[in-house]
Amino acid sequence: MTAAKKTGQLAAEDEVPGREAAELELARQLAERAQAEGLCLTGPGGLLGRLTKVVLEGALEGEMDAHLGYAKHDPVGRDGGNSRNGHRDKTVLTGVGPVEIAVPRDRDASFAPKIVAKRQKARAVWTRW
């Protein structure tokens with residue numbers, strides 16, 4: 001194996017532990033903050049439910065951005081036909097319990113989210129969308 005290949009492999013291997021360390025530190029900080037605020041890890045209003053809500057809603061907003069072709073509040077979307085039209089509430093059944101999310105809508109009702117599809121209640125396994 002050449003020195004360049006060894007260097008490339010070492011760099012790639014070094015990135016994963018660094019990223020994992022950052023993720024572990026973030027998780028530790030969230031857990032400490034939740035504990036300080038008296039927040040439970042699971043159950044209604046728990047930390048895992050809140051994190052699930054944030055992740056799902058963020059993914060849905062990203063899907064809407066891709067669907068419309070512009071980001072939220074981007075002037076490109078003004079007077080361009082289809083646009084955002086608020087949100088609808090939805091309860092998703094997850095591994096950490098039911099989670100209330102806000103699903104974005106568009107004016108011509110052509111938005112078909114993939115992360116939490118229309119008429120889908122349960123999200124048992126995370127898949128690629």
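Our subject in this report is the structure included herewith. (Residues numbered from 1 in each chain as written. Predicted model: local features only at pLDDT ≥ 70, side-chain atom pairs only at ≥ 80, totals over all residues. Heavy atoms only, no water.)

## Overview of the environment of Lys72
Formally: Helix and strand definitions here come from DSSP, where helices need a minimum of 4 consecutive H or I residues and strands a minimum of 2 consecutive E residues; each element is numbered from the N-terminal end. The buried label goes to any residue with under 20% of its type's maximum accessible area, the exposed label to any with over 50%, and the partly exposed label to all in between, with areas taken from a 1.4 Å probe on protein chains only. Throughout, a contact is declared for two residues whenever any of their heavy atoms are within 4.5 Å.
Residue placement: Lys72 occurs in the loop between helix H2 (47–68) and strand S1 (84–94). Since its relative accessible area comes to 41%, Lys72 is described here as partly exposed. Expressed as a C-alpha distance, the spacing of Lys72 and Arg84, which sit 12 residues apart in the sequence, is 8.1 Å. Not counting residues up to four positions away in its chain, the partners in contact with Lys72 are Glu61, Asp65, Arg84 and His87.

## Here we look at the pattern of salt bridges
Put simply, the test is: The rule for a salt bridge is simple: a side-chain nitrogen of Lys or Arg has to be within 4 Å of a carboxyl oxygen of Asp or Glu.
A full pass over the atoms with the stated rule returns 6 salt bridges. Between Arg28 and Glu32 there is a salt bridge, and its shortest N-O distance comes to 2.4 Å. With Arg28 and Glu32 both in helix H1 (residues 3–36) and 4 residues apart, the pair spans about one turn of that helix. Note on Arg28: relative accessible area 37%, which makes it partly exposed. The partner of Asp65 in a salt bridge is Arg84, and the shortest N-O contact between them spans 2.1 Å.

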